[in-house]
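Residue-level listing of the chains:
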Amino acid sequence: MYTIYEMCCDGFDQKLEQQFLKPNRHQKKAYVCSPYSNPDLEVQLDNMSRARLYMLYANEHMGYLARAPHAYLPMLVCDGIPTERAMALRFGLELLERSDLLLVCGTTLSKGMKGEITHAAKLGIPIIWYHTDAHPDYHMPSDHAERLNWEKVVDITKASFLAFWKLANEKY
């Protein structure tokens, strides 16, 4: 898995772009639900970078075509202009409606994320949220393996296996 630091230094965006340049219409799609808005601009930019990290994970480790509108859309529309924010939210919900899975990421559950989770649940879209606890260095260059809660990692691994086994064997 990449840290935020490694993302900036490892051709990260190019790897994400490649998933869309060679589309596979049969590939399942994952909508990444993670925090975006924050009064602190640096945190907001970091949230955009984290969304890209989650997209890369969903693509490379889960095999999904990953979508996170808040990873790139804020560079095109202004969240502070109500009509542009409404347009971005509609676009995000349409992407969600065309997704096979909602992947909830991060340690914070924002109002917008709650709305996406509720929308996915109403549509019957499977929702996955894995987390092993947060700490101040979570996903930072200073994050190290000794901070992992290994009991939770084992529990999540078991739950992941069972969930993906079920998804893989569903009839469509």
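Residues numbered from 1 in each chain as written. Predicted model: local features only at pLDDT ≥ 70, side-chain atom pairs only at ≥ 80, totals over all residues. Heavy atoms only, no water.

S.K.: Please give an account of the overall build of the chain that cites residues and values.
M.R.: Assigned secondary structure in the chain consists of seven helices and four strands. Tracing the chain from N to C terminus, the helices and strands come up as α-α-β-α-β-α-α-β-α-β-α. Considering only intrachain contacts with a sequence separation of at least 6, the fraction spanning at least 24 residues in the chain is 67%. (Helix = DSSP H or I, 4+ residues; strand = E, 2+ residues; numbered from the N terminus. Contact = heavy atoms within 4.5 Å.)

S.K.: A description of the environment of Leu 16 should follow, citing residues and the corresponding values.
M.R.: With respect to the helices and strands, Leu 16 occurs in helix H2 (residues 12-21). Along the chain, Leu 16 and Glu 60 lie 44 residues apart, while their C-alpha atoms are 9.3 Å from each other. Sequence-distant contacts of Leu 16, that is, excluding residues within four places in its chain, are made with Arg 52, Met 55, Leu 56 and Tyr 72.

S.K.: Pulling in residues and values, what's your account of the pattern of salt bridges?
M.R.: Here the structure, examined in full by the defined rule, presents three salt bridges. As a salt-bridge pair, Arg 85 and Asp 79 come within 2.7 Å of each other at their nearest N and O atoms. With a relative accessible area of 33%, Arg 85 lands in the partly exposed category. Here Glu 94 ties to Arg 98 by a salt bridge, and the two come within 2.8 Å at their closest N and O atoms. (Salt bridge = Lys/Arg side-chain N within 4 Å of Asp/Glu carboxyl O. Buried < 20%, exposed > 50% of the residue type's maximum accessible area, 1.4 Å probe, protein only.)

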